[in-house]
Amino acid sequence: MRPVPLLLCLSLCAVSEAGLSASPLGTSPAWTVEGDAMQQTFGDSVAAGDINGDGYADVFVNSGTNIGPNGRVFVYLGGMSGLNTAPSQVLTSPNAGFGRIIAYLGDWNGDGFGDVAISSNFNAIQMVEIRLGSPAGLSGSADWATTQDCCAFGQALAAAGDVNRDGFADLLVGNYNYDSRKLTGAGRAYLFFGGPSASTTPAWTHDGDFANGSYAAILNGAGDVNHDGFADIVVSEPGFYDLHGNQGGKVFVYMGSASGPAAKPVWTKTGPINSQFGSSVGSSGDVNGDGFADLAVGDNQANVGIKRGMAGTGHKRGKVYVYNGSTAGPSSNPSWTVTGSDDGDFLGDGLASGDINHDGYGDLIISAPQPGGINPSSGLLYLYLGSRSGFLNTAAWSVNGGQIGAGGAGFALAIGDVDTNQRGDLVVGAPAWDGAAGQDSGRAVLYLGQ
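Residues numbered from 1 in each chain as written. Predicted model: local features only at pLDDT ≥ 70, side-chain atom pairs only at ≥ 80, totals over all residues. Heavy atoms only, no water.

The next point concerns the overall build of the protein chain. Along the backbone of the protein chain there are 0 helices and 29 strands. Taken over the C-alpha atoms alone, the protein chain extends approximately 60 × 50 × 45 Å along its principal axes. Burial statistics for the protein chain: of 450 residues in total, 58% are counted as buried. Taking the contacts inside the protein chain whose residues are at least 6 apart along the sequence as the reference set, 56% of them involve residues at least 24 apart. Accessible surface for the protein chain amounts to roughly 16700 Å². Of this, 51% is attributable to carbon and sulfur atoms. Within the protein chain, the 40 negative side-chain charges are centred at a point lying 11 Å from the centre of the 19 positive side-chain charges. (Helix = DSSP H or I, 4+ residues; strand = E, 2+ residues; numbered from the N terminus. Buried < 20%, exposed > 50% of the residue type's maximum accessible area, 1.4 Å probe, protein only. Contact = heavy atoms within 4.5 Å. Areas by Shrake-Rupley, 256 points an atom, 1.4 Å probe, with all protein chains shown as cover. Lys, Arg positive; Asp, Glu negative; His and termini not counted. Charge placed at Lys NZ, Arg CZ, Asp CG, Glu CD.)

Below is the structure:
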């Protein structure tokens with residue numbers, strides 16, 4: 001598979017490999033907002049979901065988390081005509097680094113409105129809070145908050161789904177820098193149960209098994225991989241090295257139950273040497289419609305030997321793997337893979353899933369942040385559609401960042417239906433975008449499903 005070549009343009013460019021008329025996503029952004037100051041890195045984290053109960057997905061974008069107390073979260077409400085460019089709310093906090101990561105949880109407290117988790121992480125501040133949804137939007141201050149262990153608590157944040165099947169959404173938090181009793185920098189994952197009186201004490205924790213392995217630097221909900229009614233979770237250990245000192249990365253899947261995630265993983269997979277298996281992880285949805293959620297794992301530093309005998313060819317192209325779900329958990333071997341087309345693509349740096357074309361099969365967005373060509377490091381995004389036989393081999397849609405260096409910091413991705421046409425819409429954050437406000441002011445754009 002060879003993706004669409006880069007195009008030189010002043011704004012984001014999009015091409016459908018199946019033809020423009022058949023594109024499942026719009027070929028140009030329907031909505032664009034830029035950061036308002038140099039180094040604001042607007043769009044470093046984005047999320048989407050319905051917080052006010054009107055049936056339209058809303059969009060949340062962070063800004064300024066790298067410059068101390070000026071972090072903000074912008075809320076844009078969905079509607080029949082899409083998103084407004086003016087935010088309905090701008091959330092702030094006295095915590096430095098507020099808005100570091102945003103995660104739409106679903107209904108955390110059972111009041112019928114979607115809720116949002118937001119982390120603060122800057123110098124000595126490490127906190128995760130939840131702002132509750134309502135007909136008026138999100139709360140102006142934290143409704144629930146917790147601080148756990150130093151020094152990277154909240155650097156990873158994700159919706160876990162309903163892990164214990166009590167009807168409330170649960171929260172997954174990572175601290176890649178946690179020092180366990182035996183291992184420095186092993187990392188720790190935390191699971192907090194939702195509910196109207198949710199505890200700030202984690203219901204489950206798990207520590208990494210390798211010193212400086214950065215366990216829980218990347219984590220996510222995995223969907224219901226074994227179709228037992230409990231949501232499952234996936235945790236990455238990107239700094240894992242094998243016995244010979246070769247970095248490969250490692251990924252773990254834990255099954256949900258009435259008491260929470262299992263103490264031991266049901267599935268563990270280590271990447272090839274000199275790679276970073278688990279650079280992105282998450283559910284790919286039910287790709288083939290068999291009732292089991294499937295698992296997607298990115299390896300953005302995978303070396304792919306395409307041309308034998310040529311030194312350097314295939315270097316850091318990146319690769320994404322999909323493992324089918326089953327009653328026993330994810331399959332041992334991938335059912336589908338895709339690799340970057342050029343050296344240094346870093347394909348698999350980011351993933352997002354949803355049913356873009358409303359055919360009942362899970363679809364997958366994959367990012368490659370640093371391709372070369374005539375527009376170096378502009379970044380590329382690809383959409384692969386699910387089907388009865390799994391993912392199709394050719395990307396149904398592709399987009400590039402349209403500006404040199406725009407993909408250098410990676411893309412933030414989220415999927416939601418902002419206009420209720422029953423098609424998934426794609427939100428893309430580009431924090432390295434140089435906008436009217438200056439270098440790295442950042443921006444966020446929306447592509448509508450059609």
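All right, on to the nonpolar core then. Ranked by internal contacts, the top residues of the largest apolar core, which has 20 residues, are Leu25, Ile365, Leu381, Trp397 and Leu426. Secondary structure elements with two or more residues in this core: strand E25 (380–384), strand E26 (397–400), strand E27 (412–416), strand E28 (425–430) and strand E29 (443–447). The greatest single-element share of this core, amounting to 3 residues, is contributed by E28. (Core = buried A, V, L, I, M, F, W, Y, C linked by side-chain atoms within 4.5 Å.)

This part covers the state of the cysteines. Enumeration according to the criterion identifies 1 disulfide in this entry. Covalently, Cys150 is tied to Cys151 through a disulfide, its sulfur atoms 1.6 Å apart. Handedness here is read from the sign of the S-S torsion; for Cys150 and Cys151, about 65°, the answer is right-handed. The class of Cys150 is partly exposed, set by a relative accessible area of 45%. (Disulfide = S-S within 2.5 Å.)

Inspection of every chain in the model, using the stated rule, returns 7 salt bridges. For Arg100, the salt bridge is made with Asp44, and the minimal N-O distance between the two is 3.0 Å. Of this pair, Arg100 sits in strand E7 (residues 98–106) while Asp44 sits in the loop between strand E2 (31–34) and strand E3 (46–49), and the two are 56 residues apart along the sequence. Among the residues examined, Arg100 registers a relative accessible area of 23% and is labelled partly exposed. Here Arg317 makes a salt bridge to Asp343, at a shortest N to O gap of 2.7 Å. (Salt bridge = Lys/Arg side-chain N within 4 Å of Asp/Glu carboxyl O.)

This next bit is on the confidence of the model for the protein chain. Summarising the model, the protein chain shows a mean pLDDT of 91, and 92% of its residues fall at 70 or more. This stretch, residues 1–21, has a pLDDT under 50; its non-local contacts, to residues over four places away or in other chains, come to 62 contacts. (pLDDT = per-residue confidence, 0-100.)

With burial as the criterion, each face of E26 is covered, one bearing Trp397 and Val399 and the other bearing Ser398 and Asn400. Where E25 meets E26, 4 bridges bridge the pair, whose relative direction is antiparallel. Across the sheet, the residue bridging to Tyr382 is Ser398, located in E26. (Pairing = 2+ DSSP bridges.)

In this section: unusual backbone geometry. Going from Cys150 to Cys151, the amide bond is cis rather than trans, its omega being 10°. The residue Cys151 is located in the loop between strand E10 (144–146) and strand E11 (156–161) in this model. At Arg165, a position not held by glycine, the phi torsion is positive, near 55°. Mapping Arg165 onto the fold places it in the loop between E11 and strand E12 (170–175). In this structure, Lys316 takes a positive phi of about 55° despite not being glycine. Structurally, the position occupied by Lys316 is in the loop between strand E20 (294–299) and strand E21 (319–323).

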